[in-house]
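Residues per chain, in single letters:
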Amino acid sequence: MLGLHRFGTGRDRLTHGRKHRTIRSLRSRTALSSAPGQHGGILPGNASIGSQNSQMTESNDSTRPPKKRRRRRKSPRTQADAPAAVEQGAEKPSAQPRPTRKVRRKKTTASQNERGSDDSVSRDTSGPPLPDDSPFRELGLSPEMMRSLAAAEYLEPTPIQKGLIPRAMAGVDVMGQAQTGTGKTAAFAVPILEQIEPGGKGTPPQAIVLVPTRELAVQVRDEIEKLAHGRRVHVIAVYGGKPIRQQTQQLRLGAEVVVGTPGRVLDLIARDTLHLDQIRMMVLDEADRMLDIGFRPDIEKILRRCPSSRQTLLLSATIPPPVERLAKRYMREPEMLDFSPTDIGVETIEQYYFSVDPERKFDLLVQLIKREEPRQAIVFCRTRRGTEKIHRRLTRKFDGAEAIHGDLSQSLRDRVMRDFRAGKVRFLVATDVVGRGIDVSSISHIINYDIPQFCDDYVHRVGRTGRMGREGVAYTFVSPEEGAELTRIEMRINRLLKRDELPGFDALAEPKLQEPGEPLPEKPAPQPVFGKRTRRYRRAL
């Protein structure tokens, strides 16, 4: 009994305690009845025992902790009503019932009930229509798309949108080339949303968009969701660096549009999760990189899985002739729409270059930032190790600097890009991973710390600023040995870069001139590589 009392539950302890008190009370009664002289005589009958029992019960109750009583909420009364009720002897008014709080529940659409509460499902809300004189009405779009364009604040189509949307809606394969920041994403997103049909749970995708980088996949997905305002369309992005199980579950729930990188798309196809037999439209965004040597085998494997009757769209800021010949193999009588035939650079961007020694580049970068005071800037480097090195040194000089490159985890890359879009990051040191398709309207300066290896990469780097007609500035650091690369870039963009200098800053080391009559410095004798220098013997005939 003692063991149960010590180690039992709370209710067991209370039960055993009551039993002990009952036994003690019975023993006390027996002792009183057997020892009459101790308390001055025998108590009369059962009354004595009952009185003694009541005394024992009172003593036991006094040792018990007092029970907590719940206070009842009284009905609110004013001080003037209280004395009147007491004088009249009226009963206290009963407490009024507490008003029930109304819980607002979110309304879910039928597609959300089938697929779950995913944020990527567009809610069926109507927006204000575009005005009657809007140029988008000439493209023959549906009323739902007109409301979506009005909600996304698209007022006038760009040249690439005006030329590509009608031909894509007619079912023609199109190759579109235009300057960076001219709305190429909306040019293929509008035809996709106009031609697909909303499906139910578990339906395979009807359109697929292939992009080269993970950040571009997220951006394209968000843009399509924004244009799907008022439609029950499910759009998902599949790319590496994220758990594949979550993307597999989203595909099983069904999706009309899939945006992804080639590697993850092939992985999902191999797992028998992504089926491409119902694909009606295939889009290759940033086609020059997609059809590069590294992506070409993956693209061919994906295209073999798609139906031969599909429609293919190819868009990029640069389409060299080799890429154009390669793309024609995958397309059926494609039409070429080129809106930048002579100058692929953006006219609203001022482009300069600095001649600087490699060891003085960082000092030039610090002085340039102090002079320009950019709102937001991207510093492009060629290698990942150089990106980390410049980032560490830049954080010691300025606040709000972050780095992004391919070696970082996907969660960290997403956080950096989210903070950069929100304006929390002022300086972004990056490789060419963000040089393709990233649209951040607040970027004012582009600094090429390392000159790009390819001319087209320069076009995409500089295109991160000056988006949609805004002004921007681009600076390129050129060492004396990189003059040939600068000339190729100028020939590619058909434009001469202006030379800039910082007053009081020596970017180039002055060469030491030799005075007349001074002897030339002697060359040091070559040292042996291994051990002592051996003698040379000439073998003659």
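The structure contained in this document is the topic of the report that follows. (Residues numbered from 1 in each chain as written. Predicted model: local features only at pLDDT ≥ 70, side-chain atom pairs only at ≥ 80, totals over all residues. Heavy atoms only, no water.)

Digging into the pairing of strand 1 (residues 174–177)
Neither face of strand 1 is left uncovered, since the one carrying Val174 and Gly176 and the one carrying Met175 and Gln177 both have all their residues buried. Two strands pair when backbone bridges link them, and strand 1 and strand 6 (residues 311–316) are joined in this way by 4 bridges, in the parallel orientation. When the bridges of strand 6 are listed, Gly176 appears paired with Leu315. The pairing of strand 1 with strand 7 (residues 335–338) spans 4 bridges and is classified as parallel. From the neighbouring strand, Val174 faces strand 7, where its bridge partner is Glu335. (Buried < 20%, exposed > 50% of the residue type's maximum accessible area, 1.4 Å probe, protein only. Helix = DSSP H or I, 4+ residues; strand = E, 2+ residues; numbered from the N terminus. Pairing = 2+ DSSP bridges.)

Details of the sheet that holds strand 11 (residues 427–430)
If you walk across this open sheet you meet the 7 strands as 10-11-9-12-13-8-14, and the pairing is parallel. Bordering the open sheet on either side are strand 10 (401–404) and strand 14 (498–499), each of which pairs with just one other strand. Contacts between helix 15 (residues 361–372) and the sheet are confined to strand 8 (349–355), strand 9 (377–380), strand 11, strand 12 (445–448) and strand 13 (472–478), with strand 13 contributing the most and set at about 160° to the helix. Of the strands in this sheet, strand 8, strand 9, strand 12 and strand 13 are in contact with helix 18 (residues 455–462), which crosses strand 12 at around 150°. (Contact = heavy atoms within 4.5 Å. Axes fitted to C-alpha atoms, helices over the stretch in contact; angles between N-to-C directions.)

Observations concerning the nonpolar core
Within soluble globular proteins, side chains that are nonpolar generally end up buried alongside one another. Among the nonpolar cores identified, the biggest contains 44 residues, and Leu141, Ile192, Leu227, Val257 and Val259 are the most heavily contacted of them. Element by element, the count of residues in this core is highest for helix 8 (residues 184–195), at 7 residues. Sequence-distant contacts of Val259, that is, excluding residues within four places in its chain, are made with Val209, Val211, Ala217, Val220, Arg221, Ile224, Val235, Ile236, Ala237 and Val238. (Core = buried A, V, L, I, M, F, W, Y, C linked by side-chain atoms within 4.5 Å.)

Let's talk about unusual backbone geometry
Its identity is not glycine, yet Glu153 carries a phi of approximately 65°, on the positive side. Phi at Glu333 is positive, roughly 45°, even though this residue is not glycine. Inspection of the secondary structure assignment puts Glu333 in the loop between helix 14 (321–328) and strand 7. When its relative accessible area of 73% is taken as the criterion, Glu333 is described as exposed.

With respect to the sheet that holds strand 1
Within the open sheet, the 7 strands sit side by side as 3-4-2-5-6-1-7. Their pairing is parallel. Edge positions in the sheet fall to strand 3 (235–238) and strand 7, since each of these pairs with one other strand and no more. Across the sheet, the axes of successive neighbouring strands diverge by a mean angle of 15°, strand direction being ignored.

Describing the packing of aromatic side chains
Per the counting criterion, the structure on display carries 5 aromatic pairs. When the centroid spacing of 5.5 Å and the interplanar angle of 20° are considered together, the rings of Tyr352 and Tyr475 count as stacked. Here the residue Tyr352 occupies a position in strand 8, and Tyr475 occupies one in strand 13, the gap between them amounting to 123 residues. Like Tyr475, Tyr352 is buried. An angle of 55° between the planes, with centres 5.6 Å apart, marks the rings of Phe398 and Phe427 as tilted. Residue Phe398 is located in the loop between helix 16 (384–395) and strand 10, and its partner Phe427 is located in strand 11; the two are separated by 29 residues in the primary sequence. Its relative accessible area of 14% is what places Phe398 among the buried residues. Classification of Phe427 by relative accessible area gives buried; the value is 0%. One aromatic cluster is present, built from ring pairs that chain together Tyr352, Phe354, Tyr449, Tyr475 and Phe477. We note Lys361 situated over the ring of Tyr449; from NZ or CZ to the ring centre the distance is 5.6 Å. (Phe/Tyr/Trp six-rings, centres within 6.5 Å; stacked < 30°, edge-to-face > 60°. Lys NZ or Arg CZ within 6 Å of the ring centre and 35° of its normal.)

What about the side chain of Thr465?
Along the chain, the position of Thr465 falls in the loop between helix 18 and strand 13. Under the relative-accessibility criterion, Thr465 is labelled buried at 1%. A polar contact is formed between the side chain of Thr465 and the backbone oxygen of Ile443, at a distance of 3.0 Å. When residues no more than four places from it in sequence are discounted, the contact partners of Thr465 are Ile349, Ile443, Ser444, His445, Ile446, Glu471, Gly472 and Val473. (Polar contact = N/O pair within 3.5 Å; in protein donor to acceptor, adjacent residues only side chain to side chain.)

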